[in-house]
Each structure stands twice: as C-alpha cells, then as structure tokens.
Amino acid sequence: MTTHHPIAVVGAGLGGLTLARVLHLHGVEAAVFDLDASPAARTQGGMLDIHDDSGQPALRAAGLYEEFRGLVHEGGQAMRILDKDAVVRREEADDPARGRPEIDRGDLRDLLLDSLPEGTVRWGAKVTGARPLEDGRHEVTLADGAVFTTDLLVGADGAWSRVRSLVSGAQPSYTGISFVEADLRDADLRHPVSAEVVGGGMLFALGAGRGFLAHRETDGSLHVYAAVEAAEEWLDCIDFTDTEAAKERVLEHFAGWDKSLRALVADADGALVPRRIHALPVGHRWERIPGVTLLGDAAHLMSPFAGEGANLALLDGAELGLALATHPGDTEAALAAYEEKLFPRSEQAARESARGGELLFRADAPLGLVEMFAAHD
C-alpha cells in the first residue's frame, strides 16, 4: 500500500528543516526525506553569517533565536582585506552592531534538527523521481523502490534538485570560478602565521582572477577557499588523491604571492576538496504549478559572493511555513503568496551575488572590495 503524506519536504538542509520546524510550531506535520544515511553522514561546511534582515527573522519565526545566539562565534564578524603581497588594505574589528553574527553551519543544522519531533526526517531516502497526479497531488519514488504520494511536494533538495523539473527546465551553469577547500587545524598552536593572517573572522586576500577566502571556525581551525577563475574542466586535471601534488597544482595559480598566503594551502591538514561554483539564471522563476514548490538552492542557486544563500534558505523555509499556517485548507493560496515574495527577493540577491564575484576578482583586486566597504563608512 502506498504511503500518503499531506506535506513532503525533499531535503534536510537548512531551508527544509526550517520549514518543518515552523509548521511543527503551528501544529502541522511534515515528512522530510534526505538522501544522507544519517545526520552525521558528511560534514556541513564552514561558518555562516546570519543576516538581521533574513536569517535572523527566520530563526525568530522558528522559535530558535535565543538558542542561536548561544551558538554564535564571538569575534567572528572581524574582517581583513589583503592584497597578494599580504599588505593589509582594510581591517575591521568584530562589531556586534554589524548585524551578521557567525555560526558554524553544522551547529545551526543540529539546532534545527533537535527542534523537530523524532522521526520527522527519513534518512537514507533518496528521491529518484516524481510525477504529478490529479488534484495537485504527486507521486514520489525513492531509490529503494518505495513510493509515496503527497498533497504538497516541496523541493528543498539543493543545486541539483530532482523536484525542480516539475516546475522548471532551468539547470545550474558554471560561473567561471572554482574553489579548492582546505583546513588548517588547531591553527593558533600549529599554524600561528596563518592564524595571524586570517585573524579572528573572515579574510579576503585578492588579486586579479584569484584569491584566498578564509575564516576562523569555532573549534580553532581555519577553513580556506582558494578561488580561481578557470575553465570548467580545470579541476579535472588535478589528482586530488595525491594531496601534495594537488597543492602544487593549485599554487601554480598563486606564483609570486606572499609566502604567508600560499601557506594557507601549502600547510593544509588533510585532503583538499574541489568545488565548482554554479548558479541558476538570475531571476529564475516558474508558473504556479499545483501542489509543488521550491525553496533554497533548488529555487535560486547563486554564487556565495554576497553571503545570501543560506540566509535565503532559512527565510524561504520560514515564510513558506507561515504561509501554509495562515492559509489552512488552501494550499494554492499559500504557495501563491509565498512565491510572490520569493521571486523578487531571490532575483535581487542573485544579482548581488553575481556582482560580488565580479568585484572580488576583477583586474585591480582588492581595490573594488576595499572601495565598497569604504563607501559604507
């Protein structure tokens, strides 16, 4: 017998969990399906700055704001901008009034998970297909052959969403930027020079078409992104199973850069992790399709150069949950109200993200970023 769920959320990321939490607060049950075998199946990434006009209101709607404040990385809003010679071009101390406190992504996800009733998330449930039925219902198939139906299907399943094809033919495209991620553990003791270069919060060390972005994490480690404007196949030419050789290949793009900056990759602990930066078209939207919608990266994948992706996922989840709670018995009215606000908001953020990438890596970098911050003094 096919199982039926009134609301099914595909993806237990920040947005999907926020949606489930807000619905739970309003007495509405949602079933969440995630392909990971367990919450600990993979690391959740680095630090997030949670904005006072998006992520923070979402956490308030989820009733988790005070718990969130207790997990904030004190000092994490400090920022340094360096050029390729490691000359400091701008430096800002931590300032709580800036309104963007930092939190470890894993801590935030755990906060959301722990706020849900046991069994809300079905782990090891990879969605392989979905098809519309009558009356706005959908049938969803999982990798193990299980099938369920739902009155409302929410795609919170990230960049390569399986649900997105129900409403849109859009696919992410390569932005021209590739990251190689690295970690320096116990930095103050084991990597003191790198710890000083990064400082207490975020580092931007920039040059034409490349740079090091790094931040200090709550466990005392440094998480580093070596960013390079490169062809989409560049990362395929590097053997990441040979870490030392991979470091050399990455650092070929930083020849002539200061030794203290090159050390952010040269001295990294553990394997390097390659990642291409993709984005959906700016202004991605879809016609109202009964019984299905998207949130987070599934709806508006963008580059990370405005810091908006996670914040918008949180806000999407909260606003969709509130819309459903305030339109009981009228799902289509709720989805229309949600999408009416979603589309212009995500379009603006995607434009800012695309502009941010151009600014960070333009020919006179880091001048553009320095001028941007100076304009807000």
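Just above sits the structure.
Residues numbered from 1 in each chain as written. Predicted model: local features only at pLDDT ≥ 70, side-chain atom pairs only at ≥ 80, totals over all residues. Heavy atoms only, no water.

**Quick notes on the overall build of the chain**
Right, so step 1: Across its full length, the chain carries 12 helices and 16 strands.
Right, so step 2: Viewed in the frame of its principal axes, the chain has a C-alpha envelope of about 65 × 45 × 35 Å.
Right, so step 3: Among the 377 residues that make up the chain, the fraction classed as buried is 55%.
Right, so step 4: Sequence separation of 24 or more characterises 71% of the internal contacts of the chain that already satisfy a separation of 6 or more.
Right, so step 5: As displayed, the chain offers around 16200 Å² of accessible surface, 50% of which is attributable to carbon and sulfur atoms.
Right, so step 6: With 35 positive and 61 negative side-chain charges, the chain shows a separation of 2 Å between the mean positions of the two kinds. (Helix = DSSP H or I, 4+ residues; strand = E, 2+ residues; numbered from the N terminus. Buried < 20%, exposed > 50% of the residue type's maximum accessible area, 1.4 Å probe, protein only. Contact = heavy atoms within 4.5 Å. Areas by Shrake-Rupley, 256 points an atom, 1.4 Å probe, with all protein chains shown as cover. Lys, Arg positive; Asp, Glu negative; His and termini not counted. Charge placed at Lys NZ, Arg CZ, Asp CG, Glu CD.)

**Some thoughts on the packing of aromatic side chains**
Right, so step 1: The full count for this structure, using the stated rule, is 9 aromatic pairs.
Right, so step 2: Taken together, a centroid distance of 6.0 Å and an interplanar angle of 75° make the contact between Phe-179 and Phe-305 edge-to-face. Taken together, the residues Phe-179 in strand S11 (residues 173–184) and Phe-305 in the loop between helix H9 (297–300) and helix H10 (309–326) connect sequence positions 126 residues apart.
Right, so step 3: Accessibility expressed as a relative area gives 2% for Phe-179, which makes it buried.
Right, so step 4: Each member of the aromatic cluster is reached from another via a ring pair, and the members are Phe-179, Tyr-225, Phe-305 and Phe-361.
Right, so step 5: The ring centre of Tyr-65 lies 3.7 Å from the NZ or CZ of Arg-60, which sits over that ring.
Right, so step 6: The residue whose ring lies beneath Arg-122 is Phe-33, and the NZ or CZ to ring-centre distance is 5.8 Å. (Phe/Tyr/Trp six-rings, centres within 6.5 Å; stacked < 30°, edge-to-face > 60°. Lys NZ or Arg CZ within 6 Å of the ring centre and 35° of its normal.)

**Details of the pattern of salt bridges**
Right, so step 1: Here the structure, examined in full by the defined rule, presents 22 salt bridges.
Right, so step 2: Across the salt bridge formed by Asp-269 and Arg-190, the nearest N and O atoms sit 2.8 Å from each other. Of this pair, Asp-269 sits in strand S15 (residues 269–279) while Arg-190 sits in helix H5 (residues 187–190), placing them 79 residues apart in sequence.
Right, so step 3: The buried category is assigned to Asp-269, whose relative accessible area is 12%.
Right, so step 4: Judged by its relative accessible area of 46%, Arg-190 falls in the partly exposed class.
Right, so step 5: As a salt-bridge pair, Asp-236 and Arg-276 come within 2.7 Å of each other at their nearest N and O atoms. Here Asp-236, found in the loop between strand S14 (222–229) and helix H7 (243–251), pairs with Arg-276, found in strand S15; they are 40 residues apart in sequence, far enough to count as distant. (Salt bridge = Lys/Arg side-chain N within 4 Å of Asp/Glu carboxyl O.)

**Overview of the sheet that holds strand S13 (residues 210–216)**
Sheet strands pair by backbone hydrogen bonding; their relative direction is either parallel or antiparallel.
Right, so step 1: The 7 strands are arranged S5-S4-S12-S13-S14-S11-S15 in an open sheet whose pairing can be described as mixed. Looking at which strands have only one partner, the edges of the open sheet turn out to be strand S5 (88–92) and S15. Mean inter-strand twist for the sheet, computed between neighbouring axes without regard to direction, equals 15°.
Right, so step 2: Where S11 and S15 come together, 7 bridges link them in antiparallel fashion. The partner of Val-180 across the bridge, within S15, is Pro-274.
Right, so step 3: The sheet contacts of helix H8 (residues 259–266) involve strand S4 (79–82), S11, strand S12 (202–207), S13, S14 and S15, and relative to S13 the element is tilted by about 70°. (Pairing = 2+ DSSP bridges. Axes fitted to C-alpha atoms, helices over the stretch in contact; angles between N-to-C directions.)

**Considerations on unusual backbone geometry**
Note on backbone geometry: most residues besides glycine have negative phi, and most peptide bonds are trans.
Right, so step 1: The linkage connecting Ala-365 with the following residue, Pro-366, adopts the cis geometry, with an omega of 10°.
Right, so step 2: Within the element layout of this structure, Pro-366 appears in the loop between helix H11 (331–360) and helix H12 (367–374).
Right, so step 3: Although it is not a glycine, Ala-86 adopts a positive phi angle of roughly 65°.
Right, so step 4: Here Asp-186, not a glycine, exhibits a phi torsion of approximately 50°, which is positive.
Right, so step 5: Checked against the element boundaries, Asp-186 lands in the loop between S11 and H5.
Right, so step 6: The class of Asp-186 is partly exposed, set by a relative accessible area of 40%.

**Overview of the environment of Ala-323**
Right, so step 1: Considering the arrangement of structural elements, one finds Ala-323 in helix H10.
Right, so step 2: Overall, Ala-323 belongs to the buried group, its relative accessible area being 8%.
Right, so step 3: Remark: the alpha-carbon pair of Ala-323 and Glu-196, spanning 127 residues in sequence, is separated by 46 Å.
Right, so step 4: In contact with Ala-323, other than residues within four places in its own chain, are Ala-334 and Tyr-338.

**Let's talk about the side chain of Glu-139**
Right, so step 1: Counting through the fold element by element, Glu-139 comes out in strand S9 (residues 138–142).
Right, so step 2: Within the structure, the side chain of Glu-139 is placed 2.8 Å from the side chain of Arg-131, a separation counted as a polar contact.
Right, so step 3: Aside from chain neighbours lying at most four places away, what touches Glu-139 is Gly-129, Ala-130, Arg-131, Leu-133, Val-147, Phe-148 and Thr-149. (Polar contact = N/O pair within 3.5 Å; in protein donor to acceptor, adjacent residues only side chain to side chain.)

**Describing the packing of helix H1 (residues 14–25) against H10**
Right, so step 1: Between H1 and H10, the least distance of the axes is 7 Å, while the angle of their chain directions is 30°. In terms of their interaxial angle, H1 and H10 are classed as roughly parallel. As H1 runs across H10, the sense of the crossing is right-handed. Here Leu-14, Gly-15, Thr-18, Leu-19, Val-22 and Leu-23 of H1 lie close against H10, whose contacting residues are Ala-310, Ala-313, Leu-314, Gly-317, Ala-318, Leu-320, Gly-321, Leu-322 and Leu-324. (Parallel < 35°, antiparallel > 145°, perpendicular 65-115°, else oblique. Left-handed = near helix turned anticlockwise from the far one by under 90°.)

**A look at the environment of Glu-181**
Right, so step 1: For Glu-181, the location among the structural elements is in strand S11.
Right, so step 2: For the pair Glu-181 and Pro-274, spaced 93 residues apart in the sequence, the C-alpha separation amounts to 6.3 Å.
Right, so step 3: With sequence-adjacent residues up to four places away left out, Glu-181 is seen in contact with His-223, Val-224, Tyr-225, Ala-271, Leu-272, Val-273 and Arg-275.
Right, so step 4: A polar contact is formed between the side chain of Glu-181 and the side chain of Arg-275, at a distance of 2.9 Å.

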